[in-house]
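Residue-level structural notes
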Amino acid sequence: MRVRFAPSPTGFLHVGGARTALFNWLLARQSGGTFVLRIEDTDRARSNEAMTDAILRGLGWLGIDWDEGPFFQSDRVGEHTAAGHSLLAGGQAYRDFSTPEELARDRANIAALAGEATRAARRRAEALAPGEAEERAEAGEPHVVRFLVPEGSTEWKDGVHGPMRFRNQDIDDLVILRADDSPTYNLAVVCDDAHARIDMVLRGDDHLSNTPKQILLARALGFPVPRFGHVPLILGRDGKRLSKRHGATDVAGYRHDVLPEAMVNFLALLGWSPGDDREVMDPDEIVRRFSLGRILRKGSVFDADKLAWLNGRHLSRMDLAKLEPIVNTRLAKLRHGAERAVQDRRDWYGGLLDMLRTRARSVDALARTVLLYLPGEIAYEPAAVRKHWKRRAEVQEYLPALRRTLDGCEWQSKPLERALRGLAAEFGVGAGRLIHPLRVALTGQAVSPGIFDVLYYLGRDLSLDRIERALGTLAEGEAKLQAATSGRPAPA
Ligand code: GLU
């Protein structure tokens, strides 16, 4: 199976494009076929190299690799034009000398002419005397070349929607060569798909109306007609076509937060279902299970919560060795030198990541939590402070006692736990009365992994420092505490 992804580099790699690329890649990988990448850069005014690079990088990030290309459509303009001329020579296309006024009148009459409007240009061309079109073209009179859409109907068995049929009378005599002899999109695509021996074109529903035109053109040119499949649109939560209004649609925008495995998983489920309730899948499994027959016929909704959930699942289960460098890249961005600090303590870091990742839903959040376990300032979450440092006098009594008791311990979670529980018993309170304020002192937060693991991974010095600092903050009273929770500088 030879399939292709043919983006126009007029924007970044957006979610819909990435999904089209992925589905084609899946078909190729699962059938041992060939995935061809073609950049449709013929719209010079709107295409640029930066966009092409962004698309290639986006695919690279997702792990969507191509076997042939990238080919550039603009490299074959000469062939496309020649194909247009061959249709002209064979009487399957005609020169259209319509003036802008005539074309405007055609458009205005479209409703009245009921389906015949698109033939107005053809009728004007037929009215010319024999040889007149060639003479006027040679004399340099501006004109376009239109494809002469044959009678009848055009049918295909769509890989997603099943049998499809268009009446040819509803299909415009489309322009194939512009006034400057440059080929238009449909002609170029047909030539390039044939040249690359593409046998399956899988793309978005927005191309449905192009398909009968491309089938007719391929036949007229004597090219084999590929199979076609059209994947339904991706919708926003409001049921409208997904657009920037719904949030980030540029795939690269998710790079800092989302794992490529999670994005691939998410994109695969946008319009395809494996047929059971399994949702969390690695690319290999998706390659094995993907099938055209299970592409959904209805549009699917882009659900950012589901993406975050899948990301959390993949963060929890992926190979730690693969996760580390991803988190490290983020760490380096968040705090200079942080990535080196963790790399120097490999075993510790592996254990820490393994503990933290089960709660994280984004790479950024995971990296930020890692920072809590490195020396440095922490911020106290206002809600955590309000809830767990409410009885300030009590906290000011417990924390110093905890500091003393823990300091005398072997720094492993079991002995730390025994010591804390012993201390709680001495105070005659439940362990939670000590644990909650301690958690705020250590992490600034109300939620964390088990407190004894937190202590263990912070280590003795940092844990005791954090308790000390919390006591300092508490001693300085309300103003300091408010400053510490708001991130504003403390009053002098
Ligand atoms: N270049 C077209 C686009 O980006 C796709 C062409 C095709 O898949 O046939 O929409």
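See the structure above.
Residues numbered from 1 in each chain as written. Predicted model: local features only at pLDDT ≥ 70, side-chain atom pairs only at ≥ 80, totals over all residues. Heavy atoms only, no water.

**Observations concerning the pattern of salt bridges**
Applying the stated criterion across every chain yields a total of 39 salt bridges. We note a salt bridge from Asp-106 to Arg-124, for which the minimum N-O separation is 2.7 Å. A residue pair is termed long-range when its members are at least 10 positions apart, and Asp-106 in helix α4 (residues 100-113) and Arg-124 in helix α5 (residues 120-126) qualify at 18 residues. The partly exposed category is assigned to Arg-124, whose relative accessible area is 24%. In this structure, the salt-bridge partner of Glu-417 is Arg-421, at a minimum N-O distance of 2.9 Å. Placement of both Glu-417 and Arg-421 in helix α18 (residues 413-427) is noted, with a separation of 4 residues, approximately one turn of the helix. Among the charged side chains, a network of salt bridges with common partners joins Arg-4, Arg-38, Glu-40, Arg-76, Asp-192 and Asp-193. (Salt bridge = Lys/Arg side-chain N within 4 Å of Asp/Glu carboxyl O. Helix = DSSP H or I, 4+ residues; strand = E, 2+ residues; numbered from the N terminus. Buried < 20%, exposed > 50% of the residue type's maximum accessible area, 1.4 Å probe, protein only.)

**Overview of the sheet that holds strand β4 (residues 93-96)**
Here we have 3 strands laid out as an open sheet, ordered β4-β5-β8, and antiparallel in their pairing. Each edge of the sheet is formed by a strand with only one pairing partner; in this case those strands are β4 and β8 (175-177). On average, each strand axis in the sheet is inclined to that of its neighbour by 45°, with strand direction left out of account. (Pairing = 2+ DSSP bridges. Axes fitted to C-alpha atoms, helices over the stretch in contact; angles between N-to-C directions.)

**Observations concerning the site of the ligand**
For the ligand, the full set of nearby residues is Arg-4, Ala-6, Pro-7, Ser-8, Glu-40, Tyr-185, Arg-203 and His-207. Between Ser-8 and the ligand, the recorded distance is 2.8 Å, taken from a side-chain N or O atom to a nitrogen atom. Measuring from an oxygen atom of the ligand, one finds a side-chain N or O atom of His-207 at 3.0 Å. Within the complex, 79% of the 300 Å² of free accessible area of the ligand lies under protein. Residues that form the shell around the ligand fall into these classes: 3 nonpolar, 2 polar and 3 charged. (Near = heavy atom within 4 Å. Polar contact = N/O pair within 3.5 Å; in protein donor to acceptor, adjacent residues only side chain to side chain. Areas by Shrake-Rupley, 256 points an atom, 1.4 Å probe, with all protein chains shown as cover. Nonpolar A, V, L, I, M, F, W, Y, C, P; charged D, E, K, R; others polar.)

None of the figures reported here should be taken as evidence of function without further support.
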